[in-house]
Amino acid sequence: MTETPAPERPSRHFIEVEIDRDLAEGRVEAVRTRFPPEPNGFLHLGHAKAICVDFGLAAQYGGLCNLRFDDTNPSKEETRFVDAIQDDVRWLGFDWEDRQYYASDFFEELYAFGEALIEAGDAYVDDLPVDEIRAQRGGPGVPGTDSPYRARTHEENLRLFRSMRAGEFEEGHCVLRAKIDMGHANLLMRDPVLYRILKAPHHRTGDAWCIYPTYDMAHGQCDAFEKVTHSLCSLEFENHRPLYEWLVQRLDVPQRPRQIEFSRLNVTHTVLSKRRLVELVDEGHVEGWDDPRLPTIQGMRRRGYPAEAVRSFCARVGVTKVTSTAELSWLEDEVRGALNRTAPRRMAVLDPLRVVITSLGEQESVACEAVDNPEDASGATRPIELRREVLIEQADFLEDAPRKFFRLRPGGSVRLRYGPVITCDEVIKDAEGNVVELRCSHDPRTFGGVTPEGEKKVKGIIHWVPSATATEVPLWTFEPLFLDPNPGALEDWRGDLNPNSRSETTAMVEAAVAEAAPGDLFQFERLGYFRADPGASTLRLLRTVTLRDSWAKKSGS
């Protein structure tokens with residue numbers, strides 16, 4: 001598999017062109033958008049793109065963006081989702097100030113619109129069961145069939161609609177439908193349902209209502225009430241636009257907003273379907289909505305992805321009408337770039353090999369000055385004590401090393417990061433022939449990166465931790481949750497789950513890491529970026545991202 005390069009962003013994307021035209025022609029004086037999540041789950045990376053588009057375009061044009069909860073289905077909505085969504089939007093770096101709305105803020109007005117449509121002859125109460133309504137809709141090129149209740153008088157429809165509100169009917173007994181055209185080419189325009197009976201307590205209004213507007217009945221009208229000028233949606237709502245416009249043209253709304261659609265986000269080795277994410281959680285394939293392997297904002301936050309990186313990724317993907325798939329590696333590139341600038345450097349050893357520096361005394365130690373972050377202009381440093389015993393990675397020593405292996409070998413030399421050059425003088429093995437210890441000597445002239453005059457510079461530099469002060473901590477590493485680049489297209493998508501998506505091991509870390517607080521982020525030199533898990537009761541490290549795209553190499557990309 002060859003990785004697709006990220007596309008270059010065009011100078012103006014199509015939504016910007018449309019907004020420019022609307023402003024130039026005087027259709028709008030100021031831009032206002034909205035982000036309208038349903039409070040029935042947690043946000044994911046696809047929502048992050050929508051948030052960046054909605055809030056970003058408003059800010060770009062000096063306008064405003066509202067946060068509106070589309071709370072029209074009380075059976076699935078909870079206050080905890082409202083709280084989590086607010087928290088995630090703020091974490092991404094956006095603020096709706098005092099413009100937080102709910103569709104439920106306008107339930108009375110929306111109900112009045114239902115009555116207005118009935119009185120205008122544009123809606124009727126239908127007693128057909130939902131499955132019959134669906135069957136009579138027809139199909140592409142096949143006209144639908146009129147309901148036998150379509151010809152009811154507006155007086156009868158009004159009486160029945162008011163009885164629906166009064167709770168006189170059970171769920172499923174009847175619905176309010178728009179009266180449009182059962183032969184319309186767009187199936188959604190074939191007398192769509194506008195109101196249904198749902199006898200479930202609402203997270204805000206309690207039991208005050210037992211009928212609720214559908215998404216289409218609420219969407220455009222709430223946009224109008226909130227003074228939204230541009231209602232930006234993903235492409236799956238493109239066929240809803242004729243109904244959006246049909247309703248705002250017939251109802252006495254304060255203004256007529258405009259719906260514009262753009263392509264939704266798809267990412268390799270990832271599913272961004274809310275339904276499938278729910279199944280992953282409910283079926284126990286992952287450990288909750290903040291599992292670091294999930295593309296949820298909660299999961300990305302726990303793993304240590306910076307908000308800056310998520311925003312940069314969304315900008316890199318861009319805004320188009322073309323359905324495409326972004327490489328997961330693009331997101332990881334943005335994470336590396338952001339963390340490289342901010343994460344303090346530390347040292348950890350995952351697969352330790354004991355090294356005894358015989359040229360140091362039993363109680364002798366030398367303070368080595370380690371740089372916290374070479375990208376930090378302040379030049380902050382920390383001391384690391386070099387003692388007689390240190391730990392290095394097993395992979396940094398090869399007994400029978402090839403010519404271009406620039407780490408440690410018998411008789412060979414390597415520099416300890418921030419420390420001196422050491423030379424391997426003796427290899428100690430156990431009864432099975434496994435290397436268990438190296439006896440080395442150090443050159444005291446080489447501290448501070450110095451190469452003595454006239455001597456050849458050592459090419460290899462390896463990381464290490466002092467054996468006496470190192471602490472063993474649990475560590476989780478991650479690979480993509482799915483093996484196939486497009487798991488959503490697979491019939492057995494669950495069968496594509498990567499059995500190695502999470503590996504649990506331990507690491508020996510320097511003292512500065514052992515004192516980390518939950519949420520602290522580090523770059524372990526030569527290993528990757530890691531975060532102290534905020535979801536653990538004791539110190540556990542999560543690998544946020546590798547230093548390079550190791551998955552592409554492993555998967556043969």
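Description of the structure in this document. These figures come from a predicted structure and were not determined experimentally.

## Some details on the environment of Ala470
The residue Ala470 is located in the loop between β20 (465–466) and β21 (471–478) in this model. Measuring from C-alpha to C-alpha, the distance between Ala470 and Gly62 comes to 53 Å, with 408 residues separating the pair along the chain. The contacts of Ala470, once residues within four sequence positions are left out, are Val465, Met508 and Val509.

## Focus: the pattern of salt bridges
Applying the stated criterion across every chain, the model contains 55 salt bridges. A salt bridge links Arg494 to Glu279; its shortest N-O distance comes to 2.9 Å. Note that Arg494 is positioned in the loop between β21 and β22 (502–509) and Glu279 in helix α9 (residues 274–282), a separation of 215 residues in sequence. Take Arg494: its relative accessible area is 32%, and that puts it in the partly exposed class. Take Glu279: its relative accessible area is 18%, and that puts it in the buried class. Between Glu510 and Arg382 there is a salt bridge, and its shortest N-O distance comes to 2.9 Å. Of this pair, Glu510 sits in the loop between β22 and α13 (511–514) while Arg382 sits in strand β14 (residues 381–387); the two residues are 128 residues apart in sequence, bridging distant segments of the chain. Take Arg382: its relative accessible area is 8%, and that puts it in the buried class.

## Topic: the packing of aromatic side chains
Two aromatic rings, taken as a pair, are described by how far apart their centres are and by the angle between their planes. Inspection of every chain in the model, using the stated rule, returns 16 aromatic pairs. Residues Phe42 and Trp289 carry aromatic rings whose centres are separated by 5.5 Å and whose planes lie at 40 degrees to one another, so their mutual orientation is tilted. Remark: Trp289 occurs in the loop between α9 and α10 (297–303) and Phe42 occurs in the loop between β1 (32–35) and α2 (45–60); sequence separation between them is 247 residues. For Trp289, a relative accessible area of 15% corresponds to the buried category. Centre to centre, the rings of Phe522 and Phe524 are 6.2 Å apart; their planes meet at 10 degrees, and the pair counts as stacked. Neither residue differs from the other here; Phe522 and Phe524 are each classed as buried. An aromatic cluster is defined as three or more aromatic residues linked by ring pairs; in this entry it consists of Phe107, Tyr111, Phe161, Tyr195, Trp209 and Tyr212. For Arg165, the ring lying beneath its charged end belongs to Tyr111, and the centroid distance is 4.7 Å. Directly above the ring of Tyr102 sits Arg204, whose terminal nitrogen or CZ lies 3.8 Å from the centroid.

## Side note on the packing of helix α11 (residues 307–317) against helix α12 (residues 328–342)
Contact geometry for α11 and α12: axes closest at 8 Å, N-to-C directions at 140 degrees. Relative to α12, the element α11 lies oblique. Remark: the crossing between α11 and α12 carries right-handed chirality. Of the residues in α12, those in contact with Glu308, Ala309, Ser312, Phe313, Arg316 and Val317 of α11 are Trp330, Leu331, Asp333, Glu334, Val335, Ala338 and Arg341.

## A closer look at the pairing of strand β23 (residues 521–524)
With two bridges connecting them, strand β10 (residues 345–346) and β23 associate as parallel partners. Counted as the bridge partner of Arg346 is Phe524 from β23. In the sheet, β23 pairs with strand β24 (residues 528–532) via four bridges, with the strands oriented antiparallel. Pairing of Gln523 across the sheet is with Tyr529, part of β24. Between β23 and β24, which pair antiparallel one after the other, the connecting turn spans three residues, and Arg526 there sits at a positive phi close to 75 degrees.

About the thresholds
Residues numbered from 1 in each chain as written. Predicted model: local features only at pLDDT ≥ 70, side-chain atom pairs only at ≥ 80, totals over all residues. Heavy atoms only, no water. Helix = DSSP H or I, 4+ residues; strand = E, 2+ residues; numbered from the N terminus. Contact = heavy atoms within 4.5 Å. Salt bridge = Lys/Arg side-chain N within 4 Å of Asp/Glu carboxyl O. Buried < 20%, exposed > 50% of the residue type's maximum accessible area, 1.4 Å probe, protein only. Phe/Tyr/Trp six-rings, centres within 6.5 Å; stacked < 30°, edge-to-face > 60°. Lys NZ or Arg CZ within 6 Å of the ring centre and 35° of its normal. Axes fitted to C-alpha atoms, helices over the stretch in contact; angles between N-to-C directions. Parallel < 35°, antiparallel > 145°, perpendicular 65-115°, else oblique. Left-handed = near helix turned anticlockwise from the far one by under 90°. Pairing = 2+ DSSP bridges.

Purely geometric stuff here, so don't read any function into it on its own.
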